[in-house]
Amino acid sequence: MNDATLKNPSASVAEASARTTSVKPATGPSMVLTLACPDTTGIVAAVSGFLASRHYLITEVQHYDDPYTVTSFMRTVFCGVDQTALGMDELAREFASGIAERFGMSYHFYEAQRKMPVLLAVSRQGHCLNSILHRWSTGTLPSNHQDMRSLAEWHGVPYHYLPVINGRKAEQEQRMEEVFERSGAQLLVLARYMQILTPEACRYFEGRAINIHHSFLPGFKGAKAYHQAFTRGVKLIGATAHYVTTDLDEGPIIEQEVSRVDHTLSPEEMTVVGSELEAVVLNRAIKWHAEHRVFRNGNRTVVLR
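Being a predicted model, the structure only gives us computed values, none of them experimental. (Residues numbered from 1 in each chain as written. Predicted model: local features only at pLDDT ≥ 70, side-chain atom pairs only at ≥ 80, totals over all residues. Heavy atoms only, no water.)

Undergrad: Report on the overall build of the protein chain, specifying residues and quantitative values.
TA: Tallying secondary structure elements over the protein chain gives 8 helices and 12 strands in all. Taking all 305 residues of the protein chain together, 48% fall into the buried category. Total accessible area on the protein chain is roughly 15,000 Å²; 52% of this is exposed by carbon and sulfur atoms. (Helix = DSSP H or I, 4+ residues; strand = E, 2+ residues; numbered from the N terminus. Buried < 20%, exposed > 50% of the residue type's maximum accessible area, 1.4 Å probe, protein only. Areas by Shrake-Rupley, 256 points an atom, 1.4 Å probe, with all protein chains shown as cover.)

Undergrad: Talk me through the packing of aromatic side chains; I want residue IDs and the actual numbers.
TA: Under the counting rule described, the total for this entry stands at 12 aromatic pairs. With a centroid separation of 5.6 Å and 65 degrees between ring planes, the pair formed by phenylalanine 73 and phenylalanine 295 is classed as edge-to-face. Neither phenylalanine 73 nor phenylalanine 295 differs from the other in exposure class; each is buried. An aromatic cluster is present here, built from Phe50, Tyr56, Phe78, Phe95, Tyr107 and Phe109 joined pairwise through their rings. (Phe/Tyr/Trp six-rings, centres within 6.5 Å; stacked < 30°, edge-to-face > 60°.)

Undergrad: Which residues make up the pattern of salt bridges, and what values go with them?
TA: Applying the stated criterion across every chain, the model contains 10 salt bridges. The partner of glutamate 111 in a salt bridge is arginine 114, and the shortest N-O contact between them spans 3.3 Å. Looking at glutamate 111, the relative accessible area reads 37%, which means it is partly exposed. Judged by its relative accessible area of 52%, arginine 114 is exposed. Taking the shortest distance from any N to any O, the salt bridge between glutamate 255 and arginine 284 comes out at 2.7 Å. (Salt bridge = Lys/Arg side-chain N within 4 Å of Asp/Glu carboxyl O.)

Undergrad: I'd like to hear about helix α2 (residues 88-103), residue by residue, with values.
TA: Because an α-helix completes one turn every 3.6 residues, residues spaced three or four positions apart along the sequence face the same direction. Along α2, the largest kink reaches about 45 degrees and is centred on alanine 96. Those residues of α2 that fall on the buried side of the exposure criterion are Leu91, Ala92, Phe95, Ile99, Ala100 and Phe103. In the core, the buried residues of α2 are packed alongside β2 (31-38), α1 (43-53), β3 (56-66), β4 (71-80) and β5 (106-111). Note on α2: the residue one or two positions beyond its end, glycine 104, has a positive phi of about 65 degrees. (Bend = angle between axes of the 7 residues up to and from the residue. Contact = heavy atoms within 4.5 Å.)

Undergrad: Explain the confidence of the model for the protein chain residue by residue, including any values.
TA: Residues at a pLDDT of 70 or more form 78% of the protein chain, whose mean pLDDT is 82. Here residues 5-22 is a poorly scored stretch, pLDDT under 50, and it has 52 contacts once near neighbours within four places are set aside; other chains count. Contacts of residues 136-145 to residues separated by more than four positions or lying in other chains number 53 contacts, the stretch itself having pLDDT below 50. (pLDDT = per-residue confidence, 0-100.)

Undergrad: Report on the sheet that holds β5, specifying residues and quantitative values.
TA: Across the sheet, 4 strands lie side by side as β3-β4-β2-β5; this open sheet has antiparallel pairing. A single partner strand is all that each edge strand has here, and the edge strands are β3 and β5. Each strand of the sheet is rotated relative to its neighbour by a mean of 10 degrees, with strand direction disregarded. For β2 and β4, the ladder comprises 8 bridges, and the chain directions are antiparallel. Among the inter-strand pairings, alanine 36 is bridged to a residue of β4, identified as phenylalanine 73. Contacts from α1 reach β2, β3 and β4 within the one sheet, and its direction differs from that of β4 by about 20 degrees. (Pairing = 2+ DSSP bridges. Axes fitted to C-alpha atoms, helices over the stretch in contact; angles between N-to-C directions.)

Undergrad: Summarise unusual backbone geometry; cite the residues concerned and give the values.
TA: Of note, histidine 55 is a non-glycine position whose phi angle comes to about 65 degrees, a positive value. Inspection of the secondary structure puts histidine 55 in the loop between α1 and β3. Even without being a glycine, aspartate 249 presents a positive backbone phi close to 60 degrees. Note that aspartate 249 resides in the loop between β9 (236-243) and β10 (253-260). Take aspartate 249: its relative accessible area is 29%, and that puts it in the partly exposed class.

Undergrad: Explain the packing of α1 against α2 residue by residue, including any values.
TA: For the pair α1 and α2, the least separation of the axes is 11 Å and the interaxial angle reads 160 degrees. The angle between α1 and α2 places the two elements in the roughly antiparallel class. The interaxial crossing formed by α1 with α2 has right-handed handedness. For the pair formed by α1 and α2, the contact residues are Ile43, Ala46, Val47, Phe50 and Leu51 on the first element and Leu91, Glu94, Phe95, Ile99, Arg102 and Phe103 on the second. Per-class residue counts for the contact of α1 with α2 are 9 nonpolar, no polar and 2 charged. (Parallel < 35°, antiparallel > 145°, perpendicular 65-115°, else oblique. Left-handed = near helix turned anticlockwise from the far one by under 90°. Nonpolar A, V, L, I, M, F, W, Y, C, P; charged D, E, K, R; others polar.)

Undergrad: Mind laying out the nonpolar core, listing which residues take part and the relevant values?
TA: Formed by 32 residues in total, the largest nonpolar core has its most connected members in Val189, Ile210, Phe216 and Ile237. The set of elements that each furnish at least two residues to this core consists of β6 (118-122), β7 (187-190), β8 (209-214), α7 (225-232), β9 and α8 (267-290). With 9 residues, the top contributor of residues to this core is α8. Residues in contact with phenylalanine 216, not counting those within four places in the same chain, are Ala225, Tyr226, Ala229, Val234, Leu236 and Ile237. Phe50, Tyr56, Ala92 and Phe109 belong to the second largest nonpolar core, which has 21 residues in total. (Core = buried A, V, L, I, M, F, W, Y, C linked by side-chain atoms within 4.5 Å.)

This is the structure:
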């Protein structure tokens, strides 16, 4: 198992470039409020009024009401307009006793500029790792194969070897959890990690682990999935990024992408197309999670972007 710790997968939230003359310019650091609650009237108004009354300016907001679960989801980015604006801890306390209690909300406040540390786990296929390191080539790479050593060292990050030994998988996962804790990671990314996590590990990383795989499942399984697809003459290749659960490859989907192919492509060429899709889809899923845009909604997700 190879893994990496990245410190900056989250993109910064840009403030609006223009304001009307009647609005004070933002002066404080940006914060993010995410919430979910039973759908009802007045949610957006209540949140907006709460922030305005405490000298905060909203710079970005997305809101979705799911008619099937009757649940409201909201993501708001805001910042203070003067020195009287409350700090995040005090703001969260007032929000809890007021708006959140009133609407029965589950909510979180985040600092918009704070980067989310991520632990990457890979095996022999390095296309996803390479793509991620290319975008965010900072942090530490603690890592069953040593194939990714040269790639890690090229990016200037340490490489550690944590082999999966027969009958001792639980010990290896324990070491991975220790790295996760020690590094302060908040997300585990299985960047083509060719091992199945045990149920215990799945529960430990619940809501904090993202997996990527081709979209041929469950039809074509195993290491030669693209060759199986070639023999069946498939016309669409896809990739899926999802949260890890104890149901193998069936966790809530975050992002997917497809590309049309035809009879002229060899199995190797189809593999290249699929690898590129996997890298793109995984990067999107990491970015959206790190920016607090993904909400679990039963076995589905809501992505406010």
